[in-house]
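Given next are the chains, with one letter for each unit.
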Amino acid sequence: MRKLTCLFLLLCGFLQLNAQTKSQTKSPSEVQSEALLVEGMKHYMKENFGDAILVFEKLAKIQTKEPAVFYYLAKSYLADKQLTSARSNAEKAHLLSPYSFDYGLLYGDLLLANKEYEKALTCFENLLAYDDHRFDAEPDMIRVKQFVFLFKGDESKDAAEKNAYYLKAADLGPVQEELWVRIIQLDWELNRKEAVVEHALEALENYPRMAPWAYPILGDAYQALGNNSASDAAFEKALAANPKDDHVLNNYSYFLSIRKEKLALADSLSARLVKDHPKNGTYLDTRAWVLYELKRYPEARVAMEAALKDKENVSATLWEHYGDVLFRLNLVDKAIEAWKEALRVDPARETVDKKIRLRRIPEN
């Protein structure tokens, strides 16, 4: 459709030339232009792009102000994989007719291919400023608008503003996987858990292959919303898509442990996790807490002490958990030392301060 549309535009330019010269004899250059036009378009329509380039280059030297000639020259170069020449001729076409959607689209796309994003943005914004809305529903126009919103979102420093631009892009039409990832990640960052669920489910409906990425974040979001059954179901689907997903193995088993539910499953998942990551402090802490809830305190102590060797991941939570394990082993003084270390790392932890004052874990 685009090829025929622009062929029509190109011919219109020459029809106008013919109308002006009907009553007079055509000059040799006019006769040559018409012949080159016919020959070039024949090559182009037959996809003989190398021959089309030769013909349109000759025509461009005669018709130096005709944008359609440079447009088809650019298209021919592009088909022949000569991107530099394609870009320069597309720029000429666009400058000669700056509000032509086809010329601007080709030039903008070639700027994108050359990673000239700022220029591409300017080009596409100029197209959108044109008040002819005939192309608004066309896929190419939707793609242009989406690019503008995505670019502005990527450039924005404010997370809420980023998300607003991404959502505007999504509202325009078919949403690509990469855009869903941007939107959902920002939903999470902005603590919009309901939006995470809504958008992740919509992404999965359109792109089932996103299951390994979408179900883990759905599991986390449902857990944060207090929908435990939905969280578990999402994590199960995540593991079906990727049985070795570290994030899922860790979070799913930890959530089960703090809820004191399905501890046998949590035991299995956390054991698989630390088998593959025997030195990761965060994963070892999860394993230790599962063992703690199973009242397997000696094993929990071994796991916690291994976790504390991972200096990069040591936190107040790890020290508090270690103190809890030691307390259950009746090592009260050692437990208090661990809790004091947790308080040193995070002085605001009131639960730890209370344990130290009482010299025990308060029972609910």
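Read on for an overview of the structure. (Residues numbered from 1 in each chain as written. Predicted model: local features only at pLDDT ≥ 70, side-chain atom pairs only at ≥ 80, totals over all residues. Heavy atoms only, no water.)

1. Description of the overall build of the chain
Here comes step 1: Of the regular secondary structure elements, the chain holds 20 helices and zero strands.
Here comes step 2: In the chain, which comprises 364 residues, the proportion classed as buried is 47%.
Here comes step 3: Accessible surface for the chain amounts to roughly 19,400 Å². Of this, 52% is attributable to carbon and sulfur atoms. (Helix = DSSP H or I, 4+ residues; strand = E, 2+ residues; numbered from the N terminus. Buried < 20%, exposed > 50% of the residue type's maximum accessible area, 1.4 Å probe, protein only. Areas by Shrake-Rupley, 256 points an atom, 1.4 Å probe, with all protein chains shown as cover.)

2. Examining helix α4 (residues 67-79)
Here comes step 1: With 13 residues, α4 extends 18 Å between its outermost C-alpha atoms, agreeing within 8% with the 18 Å of an ideal straight helix rising 1.5 Å per residue.
Here comes step 2: Counting buried positions along α4 yields 10 of 13 residues, so the element is predominantly enclosed.
Here comes step 3: For α4, the complete set of buried residues consists of Pro67, Ala68, Val69, Phe70, Tyr71, Tyr72, Leu73, Ala74, Ser76 and Tyr77.
Here comes step 4: Where α4 begins, one side-chain oxygen reaches toward the backbone nitrogen of Ala68, 3.2 Å away; that side chain belongs to Glu66.
Here comes step 5: Lys81 lies just past α4 and shows a positive phi near 65°. (Expected span 1.5 Å × (residues − 1). Polar contact = N/O pair within 3.5 Å; in protein donor to acceptor, adjacent residues only side chain to side chain.)

3. Things to note about the nonpolar core
In a soluble, globular protein the nonpolar side chains are often hidden away together inside.
Here comes step 1: Ranked by internal contacts, the top residues of the largest apolar core, which has 66 residues, are Leu218 and Trp339.
Here comes step 2: Not counting residues within four places of it along the chain, the set of residues in contact with Trp339 comprises Trp319, Glu320, Gly323, Asp324, Phe327, Val352, Lys355, Ile356, Arg359, Arg360 and Ile361. (Core = buried A, V, L, I, M, F, W, Y, C linked by side-chain atoms within 4.5 Å. Contact = heavy atoms within 4.5 Å.)

4. Digging into the packing of aromatic side chains
Here comes step 1: Counted under the stated rule, the structure contains 11 aromatic pairs.
Here comes step 2: On the numbers, 6.0 Å between centres and 35° between planes, the contact of Phe327 with Trp339 is tilted. With Phe327 in helix α18 (residues 316-328) and Trp339 in helix α19 (residues 332-345), this pair connects stretches of sequence that are 12 residues apart. Each member of the pair, Phe327 as well as Trp339, is classed as buried.
Here comes step 3: Taken together through their ring pairs, the aromatic side chains of Tyr44, Phe49, Phe56, Tyr71, Tyr72 and Tyr103 make up a single cluster. (Phe/Tyr/Trp six-rings, centres within 6.5 Å; stacked < 30°, edge-to-face > 60°.)

5. What to know about helix α10 (residues 177-189)
Here comes step 1: Taking 1.5 Å per residue as the helical rise, α10 with its 13 residues ought to reach 18 Å, and the 18 Å between its terminal C-alpha atoms agrees with that figure.
Here comes step 2: All of the buried residues along α10 are Leu179, Trp180, Arg182, Ile183, Ile184, Leu186 and Asp187.
Here comes step 3: Directly beyond the C-terminal end of α10, a positive phi value near 60° is found at Asn191.

Such coordinate-based values are descriptive only and should not be taken to indicate function.
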